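# Structural overview for review
Below, each chain spelled out in residue letters.
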Amino acid sequence: MATSDPTVTGETTYDVVIIGGGPVGLLLAYQFKNFGISVCVLEQHKKETQDAYGRAIALFPRTLELLDQLGVVEPMLQLGFACRNSVTYKNGERIIPGRVWTFMENIKDTTYDFTLVLRQMYTEEILRENLQFVGVIYYQGVECVGFDCDQDTAPDGFPTTSTYRNAATGGTFCLKSKYLIGADGGRSFVRRHAGIPFEGDTSEDRWIRIDGIVETDMPITRAYGAIESKTHGNVLWAPLDHGATRIGYAYSAEIAAKYPNGVTQEVAVQEAIEAMKPFKVSFREVHWWTLYTIGQCIAKTFSTANSRVFLCGDAAHTHSSGAAQGLNTGIHDAVNLGWKLALHIRGLTKPEVLETYTAERLTAVQKLIDYDKDIATLMSSKWPAWYTGDANADPHLILGQIFDEAAAFNTGLGISYPANVLNGLGSVSYTNNDSHCDLTPGSRPPDVELKMPATNQLVRLQKITPNNAQFWAIIFTGNNNPSIQETLRALQRYLRDTAPELISHKSIRWLTIITAVGCSPYEALGMEPLGDAYFDAAEPLAHCRLGVDMEEGAAVILRPDGLVGATGKMEGRWIREYFSRVLYL
């Protein structure tokens, strides 16, 4: 991995060039390298001199699952603080049940039943180490000053030429690539140079965030806290990694009037102390602080018309930190785009698959933008424009209700995408009404446990099916009665005689889940399984949790990002129809 002193002197070609070396750009690059795509990352700032701490801190369960599927989460678990509890205080008294962050206490159906609090500095360090390990070219201290795309370039050529200036030497160099990705933040040069409108607005509201080592007489400190203040809005208390804490509060016009000379670190500390009253707070160390204006903006599209330039993360959307969704949303962008663009470059998927990136992510981000407007307003102790209730009511109550209603969205476990070429329209519905788990195309399936043959070791479905830019065709056999066995034989005959390309395709992996234990997969089935086999013998059974009929079984296709693509009976015809829409067979 290159350092802060790039020495490129001429044109170099890559499949993908990523502008922006924050966590979103780094994660994209790591994926592309692992998926067999040549990639280069360029960062304008030198990380040694950029903010040491601060910025994003919270990684929610679905984000952790995605990082786990990509094999990068474990170092983060070593450094971060796993927060499973929340607390709410008003006038020094604890409110039970709490408000706002209580969704952290009821996270189910995932190994990651917590919020990992890890400051962005450490997240980036871990991702840069991963890039170095896999050999990604990474330059810092270089600024993109222009790019253009030659429309007449051959389909397998390198139509995009981007130009960079070395901040240290003033020298310039060019890179050629098939695709360019802007992960360069809210003031994105890539977005502006591509002419993509950035629509939205800013408010008059400003917030301060300050991190450090603090001492306090507040009874509960290692929980995500909401302190309901009459003067500083809904005050954030966030336990951080390495024993640190973040305090966040609204910097209202009334507070600002006290400081005509502007905000300094001393002001940020003093008002943090005021915000926490009646609790006493003192700072032993201040690591980082910021004052920023609240607003919500979203790019009109996340890609150019020719699909050669893409936007990810803050380059595509900005919002407040009220719900702590910024980094999580950017990582979801990166994962969604990573496998789609990689398979497209390798010539394995139909063009319509890549087109779903903007459509899917715009849907999720627009929901966040709408939700964030209300959150930010209420956290500043103001009423949203739509509110027509009692003006003297407590806005903290409404804020708590909104967080409760959006719990599945906050954790990321309930984020789903509408029907499209990837999310099958004609799927059979499998639903377990007792557990409310289902297999709905475009949604995340429950992370059920299975057993490894022979060892009976428990394994998670998401660990068996990592994001390696491959689709997973999973056969749930149900009870191994003669009818099930004949259905499975018919499927294997179809694959052998009519659709052998489904077995040999580079982007399709098969998996068989058997309702048996204590024998070999062959003995359990009376034939070889499709792909690797695991036993459904954990409690509760995966079949039951997913609503799969034990007498009929089912076939489920998972997208590379682990979401359900399609579901149906154990029949080869519909499986081939699905893949023929998505892949070049």
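In what follows, the accompanying structure is described. (Residues numbered from 1 in each chain as written. Predicted model: local features only at pLDDT ≥ 70, side-chain atom pairs only at ≥ 80, totals over all residues. Heavy atoms only, no water.)

## Observations concerning helix H8 (residues 326-345)
For H8, with 20 residues, the first-to-last C-alpha span of 28 Å sits near the 28 Å given by 1.5 Å per residue. Taken across its 20 residues, H8 has 18 buried, putting it largely inside the fold. One or two residues past the end of H8 sits glycine 347, with phi positive at roughly 75 degrees. (Helix = DSSP H or I, 4+ residues; strand = E, 2+ residues; numbered from the N terminus. Expected span 1.5 Å × (residues − 1). Buried < 20%, exposed > 50% of the residue type's maximum accessible area, 1.4 Å probe, protein only.)

## A word on the sheet that holds strand E16 (residues 281-299)
Strands pair in a sheet through their backbones, by hydrogen bonds, and they do so in one of two ways: parallel or antiparallel. Strand order in the open sheet formed by eight strands is E6-E5-E13-E14-E15-E12-E16-E18, with mixed pairing between adjacent strands. Of all strands in the sheet, those bounded by a partner on one side alone are strand E6 (93-94) and strand E18 (317-318). As paired strands, strand E12 (residues 198-216) and E16 are joined by 16 bridges and run antiparallel to one another. Pairing of glycine 212 across the sheet is with valine 286, part of E16. Set on the sheet, helix H7 (residues 265-275) makes contact with E12, strand E13 (224-228), strand E14 (234-239), strand E15 (245-250) and E16; between it and E16 the angle comes to about 95 degrees. Strands E12, E14, E15, E16 and E18 of the sheet are contacted by helix H9 (residues 351-379), whose axis makes an angle of about 125 degrees with E16. (Pairing = 2+ DSSP bridges. Contact = heavy atoms within 4.5 Å. Axes fitted to C-alpha atoms, helices over the stretch in contact; angles between N-to-C directions.)

## Concerning helix H13 (residues 482-497)
The end-to-end C-alpha separation of H13 is 22 Å, in line with the 22 Å expected for 16 residues at 1.5 Å each. Ile484, Leu488, Leu491, Gln492 and Leu495 are the residues of H13 that are buried. Along the long axis of H13, the arc covered by the buried residues comes to 95 degrees, so they all point the same way. More than 90 degrees from the buried face of H13, the exposed residues found are Pro482, Arg496 and Asp497. Buried-residue contacts for H13 involve strand E23 (471-476), helix H14 (501-504), strand E24 (508-514), helix H15 (521-525) and helix H17 (572-582). (Arc of directions from axis to C-beta.)

These results come straight from atomic positions and should not be treated as a statement about function.
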